[in-house]
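Inside the fold
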Amino acid sequence: MADWAAGMAKEPLKNYCARLCRVEISLGRESDQNAHLQHVNCAFSADFALPNHRSLPFSEVPGETDFSGLLIMRTGLLALAAGLLLLRFLPVLPPTWLLLLLPVLGLMLLPFRSYPLALLLFGFSWACLSAQSALDDRLSPALDGQTLWLEGRVVGLPEQVDGGQRFQLEQVSSRRHSLPQRLRLGWYGGQAVHAGERWRLAVKLKRPRGLINPHGFDYEAWLLAQRIGGAGTVKAGQLLQPARGTASWRDDVRQRLLQAPAQGRAGTIAALVLGDDSGLSTADWKVLQDTGTVHLLVISG
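The present account deals with the structure reproduced in this document. (Residues numbered from 1 in each chain as written. Predicted model: local features only at pLDDT ≥ 70, side-chain atom pairs only at ≥ 80, totals over all residues. Heavy atoms only, no water.)

Another point: the packing of helix α4 (residues 96–109) against helix α5 (residues 115–136). For any two helices packed against each other, one specifies the inter-axial angle together with the distance between the axes. For the pair α4 and α5, the least separation of the axes is 8 Å and the interaxial angle reads 155°. It follows that α4 is roughly antiparallel to α5 by the angle criterion. Considering the relative orientation of α4 and α5, their crossing is left-handed. Touching Leu99, Leu102, Pro103, Leu105, Gly106, Leu107 and Leu109 of α4 are Tyr115, Leu117, Ala118, Leu121, Phe122, Phe124, Ser125, Cys128 and Leu129, all from α5. Its residues assigned to classes, the contact of α4 with α5 shows 14 nonpolar, two polar and no charged. (Axes fitted to C-alpha atoms, helices over the stretch in contact; angles between N-to-C directions. Helix = DSSP H or I, 4+ residues; strand = E, 2+ residues; numbered from the N terminus. Parallel < 35°, antiparallel > 145°, perpendicular 65-115°, else oblique. Left-handed = near helix turned anticlockwise from the far one by under 90°. Contact = heavy atoms within 4.5 Å. Nonpolar A, V, L, I, M, F, W, Y, C, P; charged D, E, K, R; others polar.)

Right, let's get into a nonpolar patch on the surface. Taken together, the side chains of Trp97, Leu101, Val104, Leu105 and Met108 make up a nonpolar region of the molecular surface, amounting to roughly 520 Å² of accessible area. Of note, leucine 105 is situated in helix α4. (Patch = residues over 30% accessible without salt bridge, like charges linked within 9 Å, V, L, I, M, F, W, Y side chains within 5 Å. Areas by Shrake-Rupley, 256 points an atom, 1.4 Å probe, with all protein chains shown as cover. Salt bridge = Lys/Arg side-chain N within 4 Å of Asp/Glu carboxyl O.)

The strands that make up a sheet pair up through hydrogen bonds in the backbone, lying either parallel or antiparallel. Strand order in this closed barrel of five strands is β1-β2-β3-β5-β4, and the pairing throughout is mixed. Adjacent strand axes in the sheet meet at a mean angle of 55° when their direction is disregarded. Sheet analysis places strand β1 (residues 147–161) next to strand β2 (residues 164–173), joined by seven bridges and oriented antiparallel. Bridging across to β2, glutamate 151 finds its partner in serine 173. (Pairing = 2+ DSSP bridges.)

Note that arginine 153 resides in strand β1. Despite its burial, arginine 153 pairs with no opposite charge, the nearest such side chain being glutamate 170 at 8.0 Å. Within the structure, the side chain of arginine 153 is placed 2.8 Å from the backbone oxygen of glycine 196, a separation counted as a polar contact. A distance of 2.8 Å separates the side chain of arginine 153 from the side chain of glutamine 241, its partner in a polar contact. For arginine 153, the residues in contact, after removing those within four places along its chain, are Gln168, Leu169, Glu170, Gln171, Gly196, Glu197, Arg198, Gln241 and Arg244. (Buried < 20%, exposed > 50% of the residue type's maximum accessible area, 1.4 Å probe, protein only. Lys, Arg positive; Asp, Glu negative; His and termini not counted. Polar contact = N/O pair within 3.5 Å; in protein donor to acceptor, adjacent residues only side chain to side chain.)

Our focus in this paragraph is the nonpolar core. If you look at the biggest cluster of nonpolar residues, it comprises 18 residues, and the most contacted ones within it are Leu150, Phe167, Leu169, Leu179, Leu185, Leu201 and Leu205. At the level of elements, β1, β2, β3 (182–188) and β4 (198–206) are the ones that each hand at least two residues to this core. The element contributing the most residues to this core is β4, with four residues. Sequence-distant contacts of leucine 205, defined by excluding residues within four places in its chain, comprise Leu139, Leu143, Asp144, Gly145, Gln146, Leu148, Leu150, Leu179, Leu183, Ala231 and Gly232. (Core = buried A, V, L, I, M, F, W, Y, C linked by side-chain atoms within 4.5 Å.)

Here we take up unusual backbone geometry. Glycine aside, negative phi is the norm for most residues, and most peptide bonds take the trans geometry. Not every positive phi belongs to a glycine, and glutamine 171 is a case in point at roughly 55°. With respect to the secondary-structure elements, glutamine 171 resides in strand β2. Using a relative accessible area of 47% as the deciding quantity, one classes glutamine 171 as partly exposed. Positive phi, close to 60°, is recorded for arginine 227, a residue that is not glycine. Inspection of the secondary structure puts arginine 227 in the loop between α6 (219–225) and β5 (230–241).

With that out of the way, let us pick up the pattern of salt bridges. The full count for this structure, using the stated rule, is four salt bridges. A salt bridge links aspartate 144 to arginine 209; its shortest N-O distance comes to 2.8 Å. Taken as a pair, aspartate 144 in the loop between α5 and β1 and arginine 209 in the loop between β4 and α6 lie far apart in primary sequence, 65 residues in all. Owing to a relative accessible area of 29%, aspartate 144 belongs among the partly exposed residues under this scheme. For the salt bridge of arginine 184 with glutamate 159, the shortest nitrogen-to-oxygen distance reads 3.7 Å. Pair noted here: arginine 184 is in strand β3 and glutamate 159 is in strand β1, with a separation of 25 residues, a long-range link. A relative accessible area of 11% means that arginine 184 is categorised as buried.

Set out below in C-alpha cells:
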C-alpha cells in the first residue's frame with residue numbers, strides 16, 4: 001500500500017517530464033517521438049512501475065493532436081468539391097445508366113486508399129442528378145404558348161417594373177396539366193401582388209429561353225440556376241388567400257421603406273436593408289460601381 005501511494009505521489013512528476021518531452025519534440029530536438037516517451041517510461045519504471053503499465057504511442061498521448069484525420073477530411077472535401085465542379089466542363093449530361101453506376105463504383109472504392117476518387121464520383125453524380133432534376137422540371141414543349149388557369153403562392157419580393165410587376169410563383173398546380181414547381185410571371189396593368197399571397201391566375205406560358213448574343217447575359221442559364229421551369233404573362237387573376245408568414249412581413253417592411261420620404265433614395269434604402277435591388281435604376285447601379293460600394297448590396301442580399 002505504501003509503495004502504491006509513493007508511486008501515485010510521483011505520477012505528477014512523470015506527467016511533467018512527458019510534457020517536457022513533447023515540448024522538445026515540437027522544437028525539433030529529437031525526431032523519434034516514441035523514443036522520448038519510452039525514455040521517460042524507462043527512467044521511472046524502476047521505482048514507480050504500475051501494474052499493466054505500457055508506453056503510449058505519440059498519437060495516443062493525451063493532449064496531442066493526430067493530424068492524419070484532418071488530412072483525410074480535407075482531402076475528401078477537396079475531392080467532393082472537384083466532383084461538383086467537373087460538371088461545368090461537360091457539354092451534355094451523361095446518360096442515366098452511367099449516373100446510376102458511378103455511385104455504386106464509389107461505394108466500392110470508399111473503404112480503401114482510393115477514397116478521394118470515390119468522393120469525386122459522389123460529387124459528380126450529385127451534380128449531374130441535380131442538373132437533370134432541374135431540366136426535367138421545365139415546362140413541356142406542348143404547353144409553350146398556351147393560356148392556362150393555374151394556382152400558386154407568390155414567393156420572394158415582387159419586382160416593380162414599368163406598368164406592372166414581375167414575381168415568382170411556387171407550388172404551381174393545374175387541374176389538367178403537370179407544370180413546373182416554380183414559374184416567373186409578369187403582370188402588366190393588373191392588381192398589386194404581395195409575397196405570401198395565393199392566387200388563381202390565367203397565364204400565357206412559355207418555355208425558358210434567352211438570347212444567344214456573345215458575352216451577353218445568359219437568361220436561360222440564370223432561370224435554370226434559380227430552378228425556374230417556365231415563364232409567362234398573367235392575363236387575369238383572382239386572390240385566393242391573403243399574405244401570411246415571414247414573406248409577407250418582409251414585403252410589408254419594403255412597402256414602408258418605399259413610402260418613406262427619402263429624397264428619391266427609397267429604392268436604395270430598401271436595397272441596403274432587405275437586399276431588394278428591384279428599386280434601383282441603371283443610374284443607381286452606375287453610381288455604385290463608380291464608388292466601389294456594390295459589395296454593400298451583396299452583403300445585404
